[in-house]
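Listed here are the chains, written in short residue letters.
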Amino acid sequence: MNRGSFLFVESNTTGTGELLIKRALALGFTPYFVTRNPARYPFLKDSVATVIEAETRSLDELMAAAAKLERLAGIYSSSDYFVEASSTVARALGLPGANPDAVAICRNKWNQAVELRRKSIQIPETRLATSVRDVENILAQATLPVVVKPVTGSGSSGVRLCDSTEAAIKAFENANDVLLDQVDLRTPEVLIQQYITGEEYSAEIIAYNGAMYCLGILAKHKGPPPCFVEVGHDFPAALSARSLQDLGSFAAGAVSALGLEFGPVHVEFVIAESGPVVIEVNPRLAGGMIPVMLSHALGTSILDMVINLYAGEIFAPPQARARAGAIRFRLADKPGKLKRLNFSRSPEPTVPKVGLLKSEGEEVQLNGDFRDRVAYAVGVADELDAAATAAERMIDSIVIDIETHASAADNKQDADSGEGSWTLHPEAMKLLAPPIDISRDGRLLQLQAAIDEAHLVMLADQALVSRAVAADLLKHISDLRNESFQSLDGRDAPRGIYLAYEAELTNRAGPEKAGWLHLARSRNDLNATISLLALRESACSISEQIGIAQDALLKRAEEASRLVAPLYSQYQIALPGSPTHFLLGVFFALGRERTRVHKLLQEIRICPMGAGAGGGTSVPIDPLKTASLLGFEQPSFNSLDAVASRDLHLHGLSIFAGLSILLSRLAQDLQIWTTREFALIDVPRNLVGGSSMLPQKKNPFLLEHIKGAASTVLGAYVSAAAATSKSPFSNSIEASNYGCSPLGLAEDALKRAITLTTLIVKFMSFNAESMRKNLEDGLAMTTVAAERISSRGVPFRDAHTQVGEIARRLSFDDSAAERRSVLTGELADALPASLEECRDALQFGGGPGRSSTDGQLSVAKAQFRDMQLKWAEIRDGCRRAEMQRKQRVKELIEWDQVT
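Calculation rules
- Residues numbered from 1 in each chain as written.
- Predicted model: local features only at pLDDT ≥ 70, side-chain atom pairs only at ≥ 80, totals over all residues.
- Heavy atoms only, no water.
- Helix = DSSP H or I, 4+ residues; strand = E, 2+ residues; numbered from the N terminus.
- Polar contact = N/O pair within 3.5 Å; in protein donor to acceptor, adjacent residues only side chain to side chain.
- Contact = heavy atoms within 4.5 Å.
- Axes fitted to C-alpha atoms, helices over the stretch in contact; angles between N-to-C directions.
- Left-handed = near helix turned anticlockwise from the far one by under 90°.
- Pairing = 2+ DSSP bridges.
- Buried < 20%, exposed > 50% of the residue type's maximum accessible area, 1.4 Å probe, protein only.
- Salt bridge = Lys/Arg side-chain N within 4 Å of Asp/Glu carboxyl O.

(A) Inspection of the side chain of Glu200 at higher detail. Tracing the sequence through the fold places Glu200 in strand β9 (residues 199-208). In this structure the side chain of Glu200 is engaged in a polar contact, spanning 2.6 Å, whose partner is the side chain of Lys222. Ignoring sequence-local partners within four residues, the contact set of Glu200 consists of Leu218, Ala219, Lys220, Lys222, Phe269 and Val270.

(B) View of the packing of helix α14 (residues 467-482) against helix α15 (residues 497-509). One way to put it is that α14 packs onto α15 with a least axis distance of 10 Å and a crossing angle of 120 degrees. The two elements α14 and α15 cross, and the hand of that crossing is right-handed. Residue-level inspection shows Asp472, Leu473, His476, Ile477, Asp479 and Leu480 of α14 in contact with α15, the latter providing Tyr501, Glu504, Leu505, Arg508 and Ala509.

(C) Spotlight on the pairing of strand β15 (residues 336-343). Relative to strand β17 (residues 363-364), β15 runs antiparallel, the two sharing two bridges. Among the inter-strand pairings, Lys337 is bridged to a residue of β17, identified as Glu363. As paired elements, β15 and strand β19 (residues 398-403) share six bridges and run antiparallel to each other. Considered in β19, the bridge of Arg340 is made with Asp401.

(D) Quick peek at helix α26 (residues 782-791). Within α26, the full set of buried residues consists of Thr782, Val784, Ala785, Ala786 and Ile789. Residues of α26 that are buried make contact with α27 (796-808), α28 (816-827) and α29 (835-841). Phi turns positive, to about 110 degrees, at Gly793, one or two residues after α26.

(E) Examining the sheet that holds strand β5 (residues 126-129) more closely. Pairing within the open sheet is antiparallel, and its four strands lie in the order β5-β8-β6-β7. Across the chains shown, the open sheet's two edge strands, defined by having one partner strand only, are β5 and β7 (160-162). Neighbour to neighbour, the strand axes of the sheet diverge by 30 degrees on average, direction disregarded. Bridge count between β5 and strand β8 (residues 190-194): four bridges; the pairing is antiparallel. Counterpart to Thr126 in the pairing with β8 is Gln193. The strands touched by helix α5 (residues 109-118) are β5, β6 (146-150) and β8; relative to β5, the strand with the most contacts, the crossing angle is about 150 degrees. Each of β5, β6 and β8 is contacted by helix α6 (residues 132-141), which is oriented at about 155 degrees to β5, the strand it contacts most.

(F) Broad picture of the side chain of Ser87. Among the secondary structure elements, Ser87 is positioned in helix α3 (residues 83-92). A residue is classified by how much of its surface remains accessible, and Ser87, at 5% relative accessible area, is buried. Discounting residues that sit within four places of it in the chain, Ser87 has contacts with Ala98, Pro100 and Val103.

(G) Examining the pattern of salt bridges more closely. Counted under the stated rule, the structure contains 56 salt bridges. Salt-bridge contacts for Glu136 lead to Arg133; the nearest nitrogen and oxygen are separated by 3.2 Å. Residue Glu136 and its partner Arg133 are both found in helix α6; the two are separated by three residues, about one turn of the helix. Between Arg481 and Glu453 there is a salt bridge; the shortest N-O distance is 3.0 Å. With a gap of 28 residues between them, Arg481 in helix α14 and Glu453 in helix α13 (residues 438-461) connect regions that are remote in the sequence.

(H) The arrangement of unusual backbone geometry in detail. With an omega of 0 degrees, the peptide bond between Leu144 and Pro145 qualifies as cis. Structurally, the position occupied by Pro145 is in the loop between α6 and β6. At the junction of Phe235 and Pro236, the peptide bond is cis and its omega measures out at -10 degrees in the coordinates. You will see that Gln570, though not glycine, has its phi angle at about 55 degrees, which is positive. In this structure, Gln570 sits in the loop between β20 (565-569) and β21 (572-577). Of the residues examined, Gln570 reaches a relative accessible area of 72% and is grouped as exposed. The phi angle at Ala828 is positive, at roughly 50 degrees, despite the residue not being glycine. In this fold, Ala828 is placed in the loop between α28 and α29.

Function-wise, these values are silent; they only describe arrangement.
Below, the structure is given as structure tokens:
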């Protein structure tokens, strides 16, 4: 039955716009699509909709296009930028639609904020900026960090977290370009909002005749700052039923406060310490494939619901029992030409929807918003963990290859060495001082800049350098940071990266100012401090990765608590055990290594800055201030120790080596267990490889990479120890360069091993039948039988001999059942009746019995929480120091601008 025409006004490009058109046709409507630029929508090439070209920014042209359609039943737009226009036209033609005035308030986020504040709805502190001067004035009174966002933006486009005035100004200037690039609209206005810390959620609401129906509360997963790209959603959010109900009411109150009485509404909010805080209210259907996931979870098509709603049907909320759902996205990690993009596995029943959002051959740009997504996967199950795991497993199977474009360096100027006319022989330069490569040297330059900031703040506070000079240098350092040091990329560095960096500052600030930067310091204490900061970053990062692996071990251990598996001694079956017991053993061993990492981080507390070349300085510096601004507890007590010692690096590398050995031992067991002879576990196809010759072969080669990584980490330790062992106890290239440079190699190899271990543990499956198979003859239960006989008054050695004689008489030509029968006949009730009974009898001494492993799980969870808190405490201490340093830098720069 033809239900008439349905008009779609423009569309989102990566969400549900194309699907809405298809569903309209399936519901009996004749779909039309009006746009000013059909080329923006690749899906129109094969679309079932009739395309109308018109100037969609003109209400008159939109009205004319709609008026020409016969039996027009409804008008709708899935694009944020055209919701107001489509509502206006719908109202003018007497069709269902939201109140255009209410939509206009929502679409202008400044007006929205004003209205919500007026209605006493809690929102972040929000200011409006229309010029760079506005941004500077606002930040002079604001607490950093802040969020900068376009007033009429969408999809996180142009939204940035800024921790400095310079970053906020840059974000303000970029905001207009973002909207011009997307929809050819201009926005001279941006919001500057207080950054609210806390977990982020969204509420999906349908407004109908003034009533609010909350379809669900979703938890958000977001990419790394300073961007706000959503990389996943969970439904329902892992909160209590009462909390979900209260949050639904809170979100509905915000919608009502804005006067929205009809249509879908997407409300985003953060749960802060003070309660929920509205981030923004969007008068449209959620993007990011959320409606598709909700449709599968609720058992009702959200897209059909919206189309019918705008066609005038009476709204009825979903009645089916909801299942759990999750969405996961894959983001492009670099710009370039997309050479390959596909899923390496087929979707399971728990993954009802997957899709690619980019095409092979397409040019990929990194925009810091929804456009960075290249693929998605939707998981649906009865439990949220299962749905999330299904979506993650699918999205982790993405195979992506992006070809980056080679480009000539922008700046190849010769750097002034600053140390006279030293000229290194070209052959030596090629070997020892290659041109700067930001992909390789960017981390070092960031650490260099951080030290410069702390040093200049200290010099200014001590009145050793004028505040004006310090401020100007800090401004140029900030510029270099914001530019990611691109002006240094490809530059020759005949006397090292530091002097090339200093030469760039000299070019920008002039020699009179830049000449003050190196007062009261040497490259010796500078290099020593950089090496400690790098070690601290590495150790903190490794701790985080261990935490992720521990979490995976705990979850798999809990899942496998009912299974029985062989417990091996020297590769021989010893007793009935369990996967839980084995995984917890690895967890506790890994926990001790993590504790050593945390102790190392606590030992990195003394800052070398101020030690100079090894003999201190005659300048009255305040090394404690420099140390605290860099996250250290105190300055060095002895200047020679500060520049000569590299014991913490050796200690760190030895810990990394111990970690890699542990992971290698785990990989060795898992690799053996994947063999057909053992067949205790199975590794999914997207974590194995094939053979170039043997078609039947399934290679768990990731486990070999884990074992191979141990050789790299061990080699890094030996290399550093050998380099340091013959160096003098003072600054020397052997210790400061060759003794420290292996750290990066070891960190990369260890991270790779931890990540691969986590993937294997997370996605391997246990073969319960094979685990039991070699235990069924009862031989593994004879130890418990001997102990039971001993408990009845027989000396254990006699019981051991008695049971051993019985076991030796068994014939392995007999079946497992026959051997079990003989043992039962000989040992009677001393032999456990089942493998589970035998396993659970092993409850003392930390054995695999259920009561024992339940206790171990409880202890493991408590230890894990404590270690996570310890890691967070160390990380937050470093972050607080960084924020303090940036605040002092900001104060100096702003003081200079005012004066």
